[in-house]
Amino acid sequence: MTKVAAVKADSYDPQIVGQAISDLLAHLGGISQFIQPGERVLVKPNMLEAVEKGLCVTTDPEVVRAVIRAVRQVGAIPVVGDSPGTTSTVKAAEKCGILAVCQEENVELAAFDETTEVAYPDGITLKKFTIARRLAEVDKVISLAKMKTHTFMGATGATKNLFGCIVGMQKAQFHLRMQARQEFAAMLIDLASCVKPVLAIIDGVMGMEGNGPRNGNPIKAGVILGGANCFAVDVVMAEMMGFKPEQLPVTALALKRNLTPAFSAIELVGSGGQLRWKFVEPRSLQSLEDRIPKWLAAFGRSQLTARPEITASCVGCGRCVKHCPPQAMAIVSGQAAIDYTKCIRCYCCQELCPYDAVQLHDGLLLQMAKQITRLR
């Protein structure tokens, strides 16, 4: 059976986290099952952007430290790296505390600024990827994700975390090319299969619910989970968060392609295996867009999805304008404004707004569909 380990950890105290990672790896057969002496290993945390660790946007630095030490314990060479969405790797790492850990542990922090093209002939959606060059310079990859909701993908875990292997603004091109959730999920699955992480670990000591991955609310889940199959780890994460894996685009497609067993067929081990929560889902999770023909989705996009709207708390910083994939936004009279004829409902504006000034409001048809569902 495919094995996933889940271990309780009720705080980010270094000793508690260190023991939790040690226990988790022991349940999986030890770190030597995944990494050999002398190998260079990329530890890839979620460093979405430069925010304080207490906001639960990024992988906690103590979890990064514990994984670094586990890699070193087997005689391998850890390297930490990621490509944040709106700032440099160094700035994001400094703000969230990961840079300090790298310095204290004498580990290189790899800036993902140069790219290389990697062929992936087995890809279903894409046959090649342009990814950070540093991935070609390591032997193994560990996905070190954060347990969070996500306004576009429903939840972000071990698989979605690997989107950080795409450098900087090149991420926006994928939102333009793959506007439907199922298309984007298919790309993420191809990317994960191309990168081939040998181990996936998710920091769920403190997670995020609601309108993640940036503007949701912290929630204590008290668990760290992991396994060799990133798709299976995400299936377990979904169940722990209170979601059905079949309702999240990435896990649903991974199940359909037999890349992971169903939750009931996964061997779940460890002290945290029985933990279950009910994370508040993002407003956009119940979109009907992927359940109807594309031509109808295009015609009724504004009514079948949650619509991003700018609130009075907008200060006109321009971040959403700069990073809007279809260039559907502008600063007008000191506030951001959206051209809905161009908006593709990728929710990058909501995800990246540092002032939580973008709220999602259901379209009329989506409201009606939800009401009908409640009445049944």
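Our structure is the block above this text.
Presented here is a report on the structure given in the accompanying data block. Throughout this document, residue positions are counted from 1 along each chain, in the order its sequence is written. Only residues with pLDDT of at least 70 get local features here, since the model is predicted, and only at 80 or more are side-chain atom pairs given and counted; chain-wide, interface and lining totals rely on the full set of residues. Here the side-chain values reflect all heavy atoms present in the structure, with hydrogen atoms and water set aside.

## Considering the overall build of the protein chain
No. 1: Within the protein chain, the regular secondary structure consists of 13 helices and 15 strands.
No. 2: Here the globule rule is a power law, 2.2 Å times the number of residues to the power 0.38, and the radius of gyration is based on C-alpha atoms. Whereas a compact globule of 376 residues would reach a radius of gyration of roughly 21 Å, the protein chain reaches 20 Å, a difference of no more than 12%.
No. 3: Projecting the C-alpha coordinates of the protein chain onto the three principal axes gives extents of approximately 55 × 45 × 40 Å.
No. 4: Should any heavy atoms of two residues lie within 4.5 Å, those residues are considered in contact. Restricting the contact set of the protein chain to residue pairs at least 6 apart, pairs at least 24 apart contribute 74%.
No. 5: Summed over all atoms, the accessible surface of the protein chain reaches about 15,400 Å², with 52% contributed by carbon and sulfur. The helix count covers DSSP runs of H or I at least four residues long, the strand count covers runs of E at least two residues long, and both are numbered beginning at the N terminus. With residues, only the protein chains shown are counted as cover, and all accessible areas are computed by Shrake-Rupley using a 1.4 Å probe.

## Looking at the nonpolar core
No. 1: Residues grouped as a nonpolar core are buried Ala, Val, Leu, Ile, Met, Phe, Trp, Tyr and Cys residues, joined through side-chain atoms within 4.5 Å. Exposure classes here rest on a 1.4 Å probe applied to the protein chains alone. A residue is buried below 20% of its type maximum, exposed above 50%, and partly exposed in between. Counting 65 residues, the largest nonpolar core has Phe129, Met147, Phe174, Phe184, Met187 and Leu225 as its most contacted members.
No. 2: Of all the elements in the fold, those that place two or more residues in this core are strand S1 (3–8), strand S6 (128–132), strand S7 (140–150), helix H6 (181–195), strand S9 (199–209), strand S10 (217–227), helix H7 (230–241) and helix H8 (249–256).
No. 3: Not counting residues within four places of it along the chain, the set of residues in contact with Leu225 comprises Ala5, Ala6, Leu24, Met147, Ala200, Ile201, Ile202, Val233, Val236, Met237 and Met240.
No. 4: Within the second largest apolar cluster, 43 residues are counted, among which are Leu24, Leu28, Val41 and Ala70.

## Details of helix H3 (residues 89–96)
In an α-helix, one turn spans 3.6 residues; hence positions three or four apart end up facing the same way.
No. 1: For H3, the set of buried residues is Thr89, Ala92, Ala93 and Cys96. For H3, the buried positions fall inside an angular range of 95° around the axis, keeping them on one side. With respect to the buried face of H3, the exposed residues turned more than 90 degrees away are Lys91 and Glu94.
No. 2: Residues of H3 that are buried sit in contact with helix H2 (61–73), strand S3 (77–82), helix H4 (98–104) and strand S4 (108–111).
No. 3: Gly97 occupies a position one or two residues after H3 and carries a positive phi of about 95°. Our arc is simply the arc of the directions from the helix axis toward the C-beta atoms.

## A few points about the pattern of salt bridges
No. 1: The salt bridge definition used is simple: a Lys or Arg side-chain nitrogen within 4 Å of an Asp or Glu carboxyl oxygen. The tally for this structure, following the rule as stated, stands at 17 salt bridges.
No. 2: One salt bridge in this structure joins Arg65 and Glu105, with 3.0 Å as the shortest N-O distance. With Arg65 in helix H2 and Glu105 in the loop between H4 and S4, this pair connects stretches of sequence that are 40 residues apart.
No. 3: Judged by relative accessible area, which is 11%, Glu105 ranks as buried.
No. 4: Between Glu117 and Lys128 there is a salt bridge, with its nearest N and O atoms 3.7 Å apart. Here Glu117 is found in strand S5 (residues 115–119), whereas its partner Lys128 is found in strand S6, with 11 residues between them in sequence.

## Some remarks on the side chain of Asp203
No. 1: Mapped onto the elements, Asp203 comes out in strand S9.
No. 2: By relative accessible area, Asp203 is classed as buried at 0%.
No. 3: We call two N or O atoms a polar contact when they sit within 3.5 Å, provided that within protein one can donate a hydrogen and the other can accept it, with sequence-adjacent residues counted only if both atoms are side-chain atoms. A polar contact is formed between the side chain of Asp203 and the backbone nitrogen of Asp60, at a distance of 3.0 Å.
No. 4: Filtering out sequence-adjacent residues up to four positions away, Asp203 remains in contact with Tyr12, Thr58, Thr59, Asp60, Val63, Ala145, Lys146, Met147 and Val223.

From the geometry alone we can't say anything about function, so treat these as descriptive.
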